Structure formats: structure tokens, C-alpha cells
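As a plain string of letters, each chain reads:
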Amino acid sequence: MALEKTWRWFGAGDSVSLQWLRQMGIEGVVTALYNVPAGEVWQTGDIRTVKAEIERNGMHWSVAESLPVAEGIKTHSGDYTRLRDNYRRSLHNLGACGIDTVCYNFMPVLDWARTNLHFRNEQGGETMLFDYPTFAAFDIHILRRPDAAEDYTPHVRQQAQEIAARMTGAQQEELAHNIIVVTQAFIHGAVSESNDYKQRFLDYLDTYRHIGKEELRDNLARFLKDIMPAAEEAGVNLCIHADDPPFPLLGLPRIASTQEDFLRITAQYDSTANGVTFCTGSLSARPDNDIVAMAHALAPRIHFAHLRNTRTLPQFGFYESGHLDGTVDMFAVLEILLKEQADRIRAGRKDIRMPFRPDHGLRILDDFSRTANPGYPLYGRLKGLAEIDGMQQAIARTLTPMRC
Ligand code: DNO
């Protein structure tokens, strides 16, 4: 009994090869068709090619992360019908190829946000950090989103002004570029590299002018109602990823941030196939989220786990700490997931793999001389994998005591 060990692999251009993943003891690969734009169909031929490549290296394609949800679905506008039909076809094609777990998110415009991609921790490693006043400086003074200041308290506004005033033009540009392009470009981000990337980002934000929390919830509910039958028919379990960070940014609504949010989503379409990607790192950036209680409450619907840890800072700030070192009680989370796996086995459920991946990682050792997408260095993630795997093996032993 053990959760399946997986790794996010960015395809042929990834600096970590499939051979290396195999050497590291990876069982399942988490990947996507990165060359297919959000909203287009994942064709069977393309899926089979990637799948065969993974299998040639002795592993299997464990999770499709992400099958991106196009903005037109989240805003339920324009060509919604075409986008919905395409999503259904992609699910059908994935199921036909034997890929039964699909991760997605429903975050407007921005998939995740950090203000510092190179924060040095006490040991000299590098990690990623989110500082709210710096984000406000980006929003109000660099991006100049109309009426942005209204979304912040006078205190944060003041801090933001001071931060922006201290930054050089080049530093301001780097901050904006990191938030809008660098952290998004490798995962089907809404805005790609261009000279007018800030304006294009503002245009996207504007499409949410009349979409508050209730409207976004309705749009997700409609989308689920429209696609879940196709997922069930294809034998695919969908799993929604948490908002990262799990609180509103840029005046945009957030609907997958708390236990209440997830219970609402899973109840919206009552099927095992309507599941959750349990991301301990994203969820723990909010101090009022009780991660262990959430794991308990959502366990039967957890189809995929992103395991990492954070330490929170004052005023909504946080940084990514080591995988076991932070506010998340990883022991308790793993115990819940392993017990859930045992329950599924006893109940004869098919979804017993329970894949997890070491989510993100510190930059350490030779990571400083290697190229990697932000958050995805080799050695820091490998360390996280080893730590989590060691812990899960020990817990599994306590759950099924060996007979002497
Ligand atoms: C960033 C990740 C996200 C996440 C997707 C899931 O590193 O946390 O890209 O995987 O949002 O849909």
C-alpha cells in the first residue's frame, strides 16, 4: 500500500529526462500536451505519442495536468459551446487512451502568483515568496489596473507606494513580467510573451468586470453539468486544483480556496468523477484553512495530491518551505490519504492509485547551474519526493503491521 509516486514532466524540452525519472523511482508521469493551445482538442494521435514515449521508459501517464480550461469557459461567453464541446472531446480522447485522471483549475486569468522567484532561505537555497504589499505595488503602480487602489486597505496602499518608489524601472518591469509571463508561460497561461503583454493582461482582467464570486460559481456549475457526463462515460476522474494563493487578487473572484468552496464544488455534481487535486501548498497559504480537516472532509474525492509546504508571513504573505518543513502536518495528511486508499481497495473502487507529486521544490545544489521552470528544480523536488516517500512508507507500515 502506497500512494503512486509521480513527477511533473514538461515534455521533450524538459531538462529532466524520462530515463532520469525512472532512476528516481517515479511510477507515473504527470504531463500535458503543451503545444495544444487552451480551448483546442487533444487529439488521440498526439496523446498516444506521449503515452508511448513514457511507457517506453518503464512508466505510465498517470495524470493529465492540466487540461486547461479556456477563459471563455470561465467567463461563459462568446464561443462557450465550441470550447465545451472541445473539452468533452479531449476527455473522450484521454479516456480512450487509458488516461483516467485529469487535473484542471478554474482560476480567472492568472494560474498562480508569486512576487519573488529567487528568495534565499536561511540555508542558502532559493525558494518562491508572495508578498502582498509588493503585489499591490504591481497592481496599482506598475500594471495600473483601473480602480485597483480600492481593493487595498490604506495601510497596504501606503506600503505599495513606498515599494514602487524604491524600485528601478527595470525591477518594476521584471516583477510584472514574472507575474504575467514567466510563471504562466509554461502552463498554458492566458497571456504569452509580447511587447504589449501588460495591456493584453488588463484586457483579460476586464472580461471579468461583471463576474463576481456568484457568477463564477454559476459558470463552474454549468461547466461541470455540461462535461461531467462525458467524463463519466470516458472513465475519467476530473480533479479541480486549489486557487494559488487561496484569496482574491486583482479584483478577480476566487471559488476554490476553502473547505466550504470544495464541498460546494463536489456537491454541485454528485459523482466520484467530480473530484479534487489536493494541493497542500496552495491551501496552506491561508492560515484559516485547516489542511488536515480538509483532507478528512474531501478524502473520498481526492484523485491527485500536490504535496508541498509553506510558511506564512504577516498580511497574506507566504513562502514555499521544504516539503516537510512548514505549517502543513504532512504526516497527518499522508495518513489520511493512505487510509483512504485502503478504504478504496476494500470497497473495490478502481481509483486506488492515489497519485501524488512533490509539488515545486527548493533550488539547491546543482539546481543553480540547471535550467528549470520556476518552482520545478530537479534536486529540490527530488529531495521532497524522497522525504515524502520515506514518510509514507513508515506510515503504511503502522497501518498494516507486519506479522512476526
Ligand atoms: C504551478 C502549479 C499550477 C497547477 C495548475 C493546476 O506550478 O501549481 O500550474 O498545477 O494550476 O491546474
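All figures in this text were calculated on a predicted structure; none of them were measured in a lab.

Asks: Please set out the site of the ligand residue by residue, giving values where relevant.
Replies: Taken together, 15 residues are adjacent to the ligand, and Glu65, Ser66, Asp111, His360 and Tyr376 come closest. Measuring from an oxygen atom of the ligand, one finds a side-chain N or O atom of Arg8 at 3.4 Å. Here an oxygen atom of the ligand and a side-chain polar atom of Glu65 are 2.2 Å apart. For the ligand, the protein covers 99% of the area, taking 330 Å² as the surface of the free molecule. Of all the cavities here, the one that holds the ligand is the largest cavity.

Asks: Kindly report on the packing of helix α7 (residues 169-182) against helix α8 (residues 197-206), identifying the contributing residues and their values.
Replies: One can describe the packing of α7 onto α8 by two numbers: an axis separation of 10 Å at closest approach and a directional angle of 50°. In terms of their interaxial angle, α7 and α8 are classed as oblique. The crossing of α7 and α8 is left-handed. Every residue of α8 that contacts α7 at Glu173, Ala176, His177, Ile180 and Val181 is listed here: Tyr197, Lys198 and Phe201. For the contact of α7 with α8, the per-class residue count stands at five nonpolar, one polar and two charged.

Asks: Describe the domain arrangement of the chain, listing the residues and the values that go with them.
Replies: What the domain assignment reports for the chain is domain 1 (6-111 + 209-399) and domain 2 (122-206). Inter-centroid distance (C-alpha atoms) of domain 1 to domain 2 is 25 Å. Facing 36 residues of domain 1, the contacting portion of domain 2 comprises 29 residues. Here domain 1 and domain 2 share an interface that buries about 2,800 Å² over both sides, 66% of which is from carbon and sulfur atoms. Contact with domain 2 buries surface across domain 1, with Val109, Leu250 and Gln315 losing the most and accounting together for 25% of the total. For Glu126, the salt bridge goes to Arg363, with nearest N and O atoms at 2.9 Å. Inspection of the domain 1/domain 2 interface yields 10 residue pairs in polar contact (both at pLDDT 80 or more). Ranked by residues supplied to the side of domain 1 that touches domain 2, first place goes to strand β11 (residues 317-321) with four residues. Of the residues belonging to the side of domain 1 that touches domain 2, the class tally is 24 nonpolar, six polar and six charged.

Asks: Account for the pattern of salt bridges, naming residues and giving values.
Replies: Applying the stated criterion to the full structure yields 37 salt bridges. Its salt-bridge partner being Glu55, residue Lys51 comes within 3.1 Å of it at the nearest N-O pair. Of the two residues, Lys51 and Glu55 both sit in helix α2 (residues 44-56), four residues apart, roughly one turn of that helix. Classification of Glu55 as partly exposed rests on a relative accessible area of 39%. A salt bridge links Arg264 to Glu260, with the shortest nitrogen-to-oxygen separation between them at 3.2 Å. Of this pair, Arg264 and Glu260 both sit in helix α10 (residues 259-268), four residues apart, which is roughly one turn of the helix. Its relative accessible area of 34% is what places Arg264 among the partly exposed residues. Each of the salt bridges in this network shares a partner with another, and the network as a whole consists of Arg8, Glu65, Arg114, Asp244, Arg308, Glu320, Arg357 and Asp359.

Definitions and cut-offs
- Residues numbered from 1 in each chain as written.
- Predicted model: local features only at pLDDT ≥ 70, side-chain atom pairs only at ≥ 80, totals over all residues.
- Heavy atoms only, no water.
- Near = heavy atom within 4 Å.
- Polar contact = N/O pair within 3.5 Å; in protein donor to acceptor, adjacent residues only side chain to side chain.
- Areas by Shrake-Rupley, 256 points an atom, 1.4 Å probe, with all protein chains shown as cover.
- 1 Å grid on protein atoms, 1.4 Å probe; cavity = no way out; pocket = protein on both sides within 12 Å on 5 of 7 lines; lining within 4 Å.
- Sits in = over half its atoms within 2 Å of the grid points.
- Axes fitted to C-alpha atoms, helices over the stretch in contact; angles between N-to-C directions.
- Helix = DSSP H or I, 4+ residues; strand = E, 2+ residues; numbered from the N terminus.
- Parallel < 35°, antiparallel > 145°, perpendicular 65-115°, else oblique.
- Left-handed = near helix turned anticlockwise from the far one by under 90°.
- Contact = heavy atoms within 4.5 Å.
- Nonpolar A, V, L, I, M, F, W, Y, C, P; charged D, E, K, R; others polar.
- Domains from an automatic or database assignment.
- Buried area = accessible area lost by both parts, 1.4 Å probe.
- Salt bridge = Lys/Arg side-chain N within 4 Å of Asp/Glu carboxyl O.
- Buried < 20%, exposed > 50% of the residue type's maximum accessible area, 1.4 Å probe, protein only.

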